[in-house]
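# Structural overview
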Amino acid sequence: MSLVKSKKRVADHGEVFTPQWMVEAMLDLVKAETERIDARFLEPACGSGNFLVAVLRRKLAAVEMRYGRSQFERRQFALLALMSLYGIELLADNIAECRANLLDTLVEAQDLDESDDLYRAASHVLNYNLVHGDALAMHTIAGEPITFAEWGYLGKGKFQRRDFRLDVLTQSAAFSAKDSLFAHVNKHELFTPIQTYPPVTLRDLAAAANTNLLQSP
Ligand SMILES: C[S@@+](CC[C@H](N)C(=O)[O-])C[C@H]1O[C@@H](n2cnc3c(N)ncnc32)[C@H](O)[C@@H]1O
């Protein structure tokens, strides 16, 4: 894969993709996290997803190892692995490629076709987790504040979604700093979701993918 699309894009957007060997070497620095199915990763200038795709491959290998014998669990945890990955990208073609590359990775690992509920649920999740926007300004291309869905697995096929604003989440580190006025305060008291949704199943998320076709975030 070429690491540069054009000289103009390098000059305008600093668009130089990271080679795979370097991605893998960097991910090895946090190997245990890359193999933890629900460990969350945000790539704030994700390009076509070189880091996110590599993390997803590792997580899906972990899913196979732990849940490979149960078709039901394998599918739930494969979706959870995808749900834990987030990206922001300024350029429309890159964010589209990034979503497609992640979906392809899941399709390959789970042997899916487009009519499969897992395929459609994954498309729905990718639409939310992969944001077309400006990571520095922390707003979407439409000028709205970037929000991220925190997905959790409740067990028995149920997922919980809570939405948080990125600009609020990024203050989290400052609040936890050792000598901060708020160091003793439980973060959960400060960082509350802007919306909490009722639990949903993989099938519910697949059904919701149809509305994505009409209304993309
Ligand atoms: C150096 S490339 C890295 C891409 C990918 N992370 C990788 O390692 O292969 C930087 C990417 O950031 C995008 N970008 C530049 N400014 C951005 C911004 N303010 N917000 C989000 N993405 C941005 C560019 O379009 C480009 O795809």
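Use the structure listed above.
I will try to describe carefully the structure that is included in this document. (Residues numbered from 1 in each chain as written. Predicted model: local features only at pLDDT ≥ 70, side-chain atom pairs only at ≥ 80, totals over all residues.)

Okay, the site of the ligand next. Taken together, 20 residues are adjacent to the ligand, and Phe 17, Thr 18, Ala 45, Gly 47 and Ala 135 come closest. Those elements that provide at least two residues to the shell around the ligand are helix H4 (50-67) and strand S2 (85-89). Tallied by class, residues from the shell around the ligand come to 10 nonpolar, six polar and four charged. (Near = placed C-beta within 6 Å. Helix = DSSP H or I, 4+ residues; strand = E, 2+ residues; numbered from the N terminus. Nonpolar A, V, L, I, M, F, W, Y, C, P; charged D, E, K, R; others polar.)

This part is about the sheet that holds strand S3 (residues 130-134). In any sheet, the strands associate via hydrogen bonds between backbone groups, in a parallel or an antiparallel arrangement. Sheet architecture is open: four strands sit in the order S1-S2-S3-S4, paired in mixed fashion. On the outer flanks of this sheet lie strand S1 (41-43) and strand S4 (139-140), each paired with one strand and no other. Where S1 and S2 come together, three bridges link them in parallel fashion. Bridge pairing in S2 links Phe 41 to Leu 85. (Pairing = 2+ DSSP bridges.)

Bringing the nonpolar core into the picture now. If you look at the biggest cluster of nonpolar residues, it comprises 34 residues, and the most contacted ones within it are Ala 78 and Leu 82. Of all the elements in the fold, those that place two or more residues in this core are H4, helix H5 (71-83), S2, helix H6 (92-110), helix H7 (117-129), S3 and helix H11 (202-214). When sequence neighbours within four positions are dropped, the list of residues in contact with Leu 82 reads Leu 56, Leu 102, Leu 106, Ala 122 and Val 125. (Core = buried A, V, L, I, M, F, W, Y, C linked by C-beta atoms within 7 Å. Buried ≥ 20, exposed ≤ 12 C-beta atoms within 10 Å, placed from the backbone. Contact = placed C-beta atoms within 7 Å.)

Right, let's get into the packing of H6 against H7. Any two packed helices are characterised by the angle at which their axes cross and by the distance between the axes. Put simply, H6 and H7 touch, their axes get as near as 10 Å, and they point 155° apart. The orientation of H6 relative to H7 falls into the category roughly antiparallel. Note on packing geometry: the crossing formed by H6 with H7 is right-handed. Across from Arg 99, Leu 102, Leu 103, Leu 106, Val 107 and Gln 110 in H6, the residues of H7 making contact are Leu 118, Tyr 119, Ala 122, Ser 123 and Leu 126. Here the contact of H6 with H7 is composed, by residue class, of eight nonpolar, two polar and one charged. (Axes fitted to C-alpha atoms, helices over the stretch in contact; angles between N-to-C directions. Parallel < 35°, antiparallel > 145°, perpendicular 65-115°, else oblique. Left-handed = near helix turned anticlockwise from the far one by under 90°.)

Any functional reading would require information beyond the geometric quantities listed.
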